[in-house]
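# Examination of the molecular architecture
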Amino acid sequence: QVQLVESGGGLVQAGGSLRLSCTASVRTFSGYIMAWFRQAPGLEREFVAAVRSRGNTYYGNAVKGRFTISRDGAENTVYLQMNSLKLEDTALYYCAAGLPISPYDSRSYNYWGQGTQVTVSS
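As a starting point, this report considers the structure included with it. (Residues numbered from 1 in each chain as written. Predicted model: local features only at pLDDT ≥ 70, side-chain atom pairs only at ≥ 80, totals over all residues. Heavy atoms only, no water.)

Turning our eyes to something else, we now look at the sheet that holds strand β8 (residues 77-82). Strands sit in the order β1-β3-β8-β7 across an open sheet of four strands; the sheet is antiparallel. Either end of the sheet is taken by a strand with one partner, and the two such strands are β1 (4-7) and β7 (67-71). Taken over all neighbouring pairs, the strand axes of this sheet differ in orientation by 15° on average, direction set aside. As paired elements, strand β3 (residues 18-24) and β8 share six bridges and run antiparallel to each other. Note on β8: the bridge partner recorded for arginine 19 is glutamine 81. (Pairing = 2+ DSSP bridges. Helix = DSSP H or I, 4+ residues; strand = E, 2+ residues; numbered from the N terminus. Axes fitted to C-alpha atoms, helices over the stretch in contact; angles between N-to-C directions.)

Before going further, it helps to examine the environment of arginine 71. Relative to the elements of secondary structure, arginine 71 occurs in strand β7. Within polar-contact distance, the side chain of arginine 71 engages the backbone oxygen of tyrosine 32 at 2.8 Å. In terms of polar contacts, arginine 71 uses its side chain to reach the backbone carbonyl oxygen of valine 51, at 3.3 Å. (Polar contact = N/O pair within 3.5 Å; in protein donor to acceptor, adjacent residues only side chain to side chain.)

Now for the environment of arginine 66. For arginine 66, the location among the structural elements is in the loop between β6 (57-59) and β7. On a C-alpha basis, the gap between arginine 66 and asparagine 83 in space is 5.2 Å, while along the polypeptide they are 17 residues apart. Not counting chain neighbours up to four residues away, the residues in contact with arginine 66 comprise Gln81, Met82, Asn83, Ser84, Leu85, Lys86 and Asp89. (Contact = heavy atoms within 4.5 Å.)

Take a look at the structure:
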């Protein structure tokens, strides 16, 4: 019943920027941690960023200093601002929500979007 829908992906040149959005299509996830994960072909799913309801943020080592996660006041939408994009950022990006023990652990999240593709070219 609960659904997350991502948008904002696309093709961008290395060094450029994109902003991803994730909207709860069924209800708001008040109190939940919301996160972004990504997966490139042939690789395992990788943690990107997470934000708690009070605004605490967490980032994966590969994106620290380049990506920023945020959420709106109604906690209906979460964003991922991606700057200084690199070729290695190319992946399918997934939005997730839940109450995990660790925000870095994908196994702890209960709700997932279908993903939005980000492709970075040289």
